[in-house]
Amino acid sequence: MLKFSSLRIFSRFTRYRLLINLRRSHSRIGVLGVPFDKGQLKGGVGSGPEAFRKLGLIEELQHLGCDVKDFGDVVYEQIDGLMVENMTALGHIAACQKEVSDSVIHILNEGRMCLTIGGDHSCGIGTIDGHVKVKGNIALLWVDAHADLNTNATSSTGNIHGMPVALLAKELSDYWPYLPGMDWQQPRLSIRNIAYIGLRDIDSYERLVIDKFSITAFGMEDVERYGIIEVTNMALRRIDPNNNLPLHVSFDIDSLDALEAPSTGTPVRGGLTLREGIQIMEESYRTQRLSAVDLVEVNPRLGSPSDVRITLEAAKHIIRAASGYSRRGHSPENVCDLPQQTFPSVSTSAHNRAHLPLAAPKLWEIELIYIQELRKHEIIDTLDFQIEEITKTWKHIRGKGST
């Protein structure tokens, strides 16, 4: 019996410690702003980091109990003269993403989860490169309406925000020409460690690559068929079957339906609900291996003020989930019970009786009767006592049916 009781206590203690670890495992967060918009043609997406700071994102994460350090925005100088066919603004990409990679390395080496606020999705080149350089093999969830899997030979636009996954995957390195200025970045990420969620706008060559290399890719029809929790867990099992790899979630806000996040450059209807986006992040956080998150493609210059507010608020909820916030709420740390009521010491002198509140005169009468009975039986010889004793008496009398 004793052994069984001990096991139960140990089990409860273990579960309690697990909950504490889940709440605190990402309490140290490093925020990196990447005000970069050269990976595509629409201006405004580079003002995303500023908009999030004005929204009070840093303060909100701190209010949730996180140790947040803002590392500011990435600054770079364009490299002139970099020209590769069908790759727009390569000089900007090469210079900026090198700085992003170095910044991510610095944040991760401080023992913080790296939260990168874009910027367009070309930011993923730098964030994932830095993550891989620090952690080695990682698992990558790419949450997006688009696969971003084109090379310069297959892209219809030449916009590099549609190419980052192809640049990062080592199995696709032979499909690229030499890229001047990008020697710092080598394809180190295996396709078997990449999974997509939310796809619904895939170019033909991207579909070819997904099929040819059997990339784990869940489109919106899969979300509808299986549900977002099952899709997320299937994706995590496939890219990290041993549950031991650091996890990177690169979240494009256009993965959400355009009604949920209208202020983005390439919105596509029929996307994830905000609730599904939050659930992806909650499941990722529960792995206890989430070490880097990108939140990209929020464009505060697109749409009405209401559109911008809706989009920023949606993104904020995604980030809160990534930081460990639970929609169930959190109990206070190191507290096991409600605050106990305490009462000051009171004497029953005429002066004190005259100043006692008159909210419950009937109880005060009961109190006096009880004191008289105690004195009659010589149980006490003074009227000085603690109010707690009176409270016990009230409870005793109430238990006998008196009020």
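Residues numbered from 1 in each chain as written. Predicted model: local features only at pLDDT ≥ 70, side-chain atom pairs only at ≥ 80, totals over all residues. Heavy atoms only, no water.

> Can you help me understand the overall build of the protein chain in this one?
On a plain count of helices and strands, the protein chain comes out with 14 helices and eight strands. The buried share of the protein chain, taken over its 403 residues, is 49%. When contacts within the protein chain are restricted to residue pairs at least 6 apart in sequence, long-range pairs at least 24 apart make up 73% of them. Carbon and sulfur atoms make up 52% of the accessible area of the protein chain, which totals about 20,500 Å². (Helix = DSSP H or I, 4+ residues; strand = E, 2+ residues; numbered from the N terminus. Buried < 20%, exposed > 50% of the residue type's maximum accessible area, 1.4 Å probe, protein only. Contact = heavy atoms within 4.5 Å. Areas by Shrake-Rupley, 256 points an atom, 1.4 Å probe, with all protein chains shown as cover.)

> What exactly am I supposed to notice about the packing of aromatic side chains here?
Note on aromatic pairs: each is described by the distance of the centres and the angle between the planes. This structure, assessed with the given rule, holds one aromatic pair. Here Lys212 stacks its cationic end above the ring of Phe213, 5.6 Å away from the centre of that ring. One Lys or Arg, Arg320, reaches over the ring of Tyr325 and ends 4.1 Å from the middle of that ring. (Phe/Tyr/Trp six-rings, centres within 6.5 Å; stacked < 30°, edge-to-face > 60°. Lys NZ or Arg CZ within 6 Å of the ring centre and 35° of its normal.)

> Explain the sheet that holds strand β5 (residues 194-199) to me, please; I cannot follow it from the model alone.
The strand order across the open sheet formed by eight strands is β2-β1-β3-β8-β7-β4-β5-β6, and the pairing between neighbours is parallel. Each of the sheet's edge strands pairs with one partner strand only, and the pair in question is β2 (67-73) and β6 (216-219). Averaged over all pairs of adjacent strands, the angle between their axes in this sheet comes to 15 degrees, without regard to strand direction. Sheet analysis places β5 next to β6, joined by four bridges and oriented parallel. Bridge assignment links Ile197 to a residue of β6, and that residue is Phe218. Sheet contacts for helix α4 (residues 90-109): β1 (28-34), β2, β3 (113-118) and β8 (290-296); angle to β1, the most-contacted strand, approximately 170 degrees. (Pairing = 2+ DSSP bridges. Axes fitted to C-alpha atoms, helices over the stretch in contact; angles between N-to-C directions.)

> Would you explain the pattern of salt bridges in this entry?
Should the charged atoms of two oppositely charged side chains come close, the side chains can pair. Counted by the stated rule, this structure contains 20 salt bridges. Ionic pairing is found between Arg327 and Glu282, a salt bridge with its closest N-O pair at 2.8 Å. Placement of Arg327 in the loop between α11 (305-322) and α12 (350-355) and of Glu282 in helix α10 (residues 274-286) is noted, with a sequence separation of 45 residues between them. Relative accessible area serves as the criterion here: at 44%, Arg327 is assigned to the partly exposed category. Among the residues examined, Glu282 registers a relative accessible area of 9% and is labelled buried. If you follow the salt bridges from partner to partner, you end up with Arg28, Asp67, Lys69, Glu110 and Arg112 in one network. (Salt bridge = Lys/Arg side-chain N within 4 Å of Asp/Glu carboxyl O.)

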